[in-house]
Amino acid sequence: MSKLHGVLETYVKYVIHDDKTDEAVKLRNLAIAQLEQIITDEIVRNEASRIEELQRKEHEEYLQKERQANLAKRIKDARNAFWTVMVLGLIIGLIGNQFTDIISFCKGEPHSVGFILWTILVIIILFVVVYFVFKHEYLDKATEIIERFIQEGMKKK
């Protein structure tokens with residue numbers, strides 16, 4: 001017998017006097033059962049409401065953390081893209097300067113052959129650097145994104 005049942009039984013016996021007839025006993029038992037059900041339903045509703053509120057708050061906190069993490073990642077990616085563009089721009093500018101030296105050699109300005117060979121070597125080195133920076137910063141990340149997209153597509157199936 002639960003504590004609630006004991007309290008209700010005492011209360012009902014007080015309200016419906018201690019009559020020993022079958023109808024009085026049935027009435028007391030019915031009253032006790034209905035009161036237990038009403039009180040239990042109220043407790044369940046209150047607890048369900050409290051749990052729903054806790055879940056809503058936890059979900060809001062989770063979404064807020066996700067937004068903050070996503071924003072931090074975007075800022076990091078933007079910073080990374082900025083510096084990559086700066087480095088690539090500088091190297092491409094240097095390549096342009098080297099091509100200008102070759103064009104001036106072709107126009108007949110006096111330069112030694114060693115200078116031109118050195119210029120061509122620098123152009124080749126700069127192209128290799130541009131290739132590796134581009135490959136590391138763009139192609140590898142694009143490949144990773146595509147692979148992740150394919151894996152997520154496979155998981156959904």
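One can find the structure itself at the top, above this paragraph.
Scope of this entry: the structure provided in the associated data block.

About the thresholds
Residues numbered from 1 in each chain as written. Predicted model: local features only at pLDDT ≥ 70, side-chain atom pairs only at ≥ 80, totals over all residues. Heavy atoms only, no water. Helix = DSSP H or I, 4+ residues; strand = E, 2+ residues; numbered from the N terminus. Buried < 20%, exposed > 50% of the residue type's maximum accessible area, 1.4 Å probe, protein only. Contact = heavy atoms within 4.5 Å. Lys, Arg positive; Asp, Glu negative; His and termini not counted. Charge placed at Lys NZ, Arg CZ, Asp CG, Glu CD. Core = buried A, V, L, I, M, F, W, Y, C linked by side-chain atoms within 4.5 Å.

1. So, the overall build of the protein
Then comes step 1: A tally of regular secondary structure across the protein gives three helices and zero strands.
Then comes step 2: Listing the helices and strands of the protein from first to last along the sequence gives α-α-α.
Then comes step 3: When the backbone C-alpha atoms are referred to their principal axes, the protein occupies close to 130 × 30 × 20 Å.
Then comes step 4: Taken across its 157 residues, the protein has 13% of its residues classed as buried.
Then comes step 5: Counting contacts in the protein only where the partners sit at least 6 residues apart, residues at least 24 apart contribute 59% of the total.
Then comes step 6: Averaging the positions of the 22 positive and the 23 negative side-chain charges in the protein gives two centres separated by 5 Å.

2. So, the nonpolar core
A general feature of soluble globular proteins is that nonpolar side chains tend to end up buried together.
Then comes step 1: Grouped together as the largest cluster of nonpolar side chains are six residues: L88, I91, I95, V122, L126 and V130.
Then comes step 2: Of all the elements in the fold, those that place two or more residues in this core are helix 2 (22–106) and helix 3 (113–156).
Then comes step 3: When sequence neighbours within four positions are dropped, the list of residues in contact with L88 reads V130, V133, F134 and Y138.

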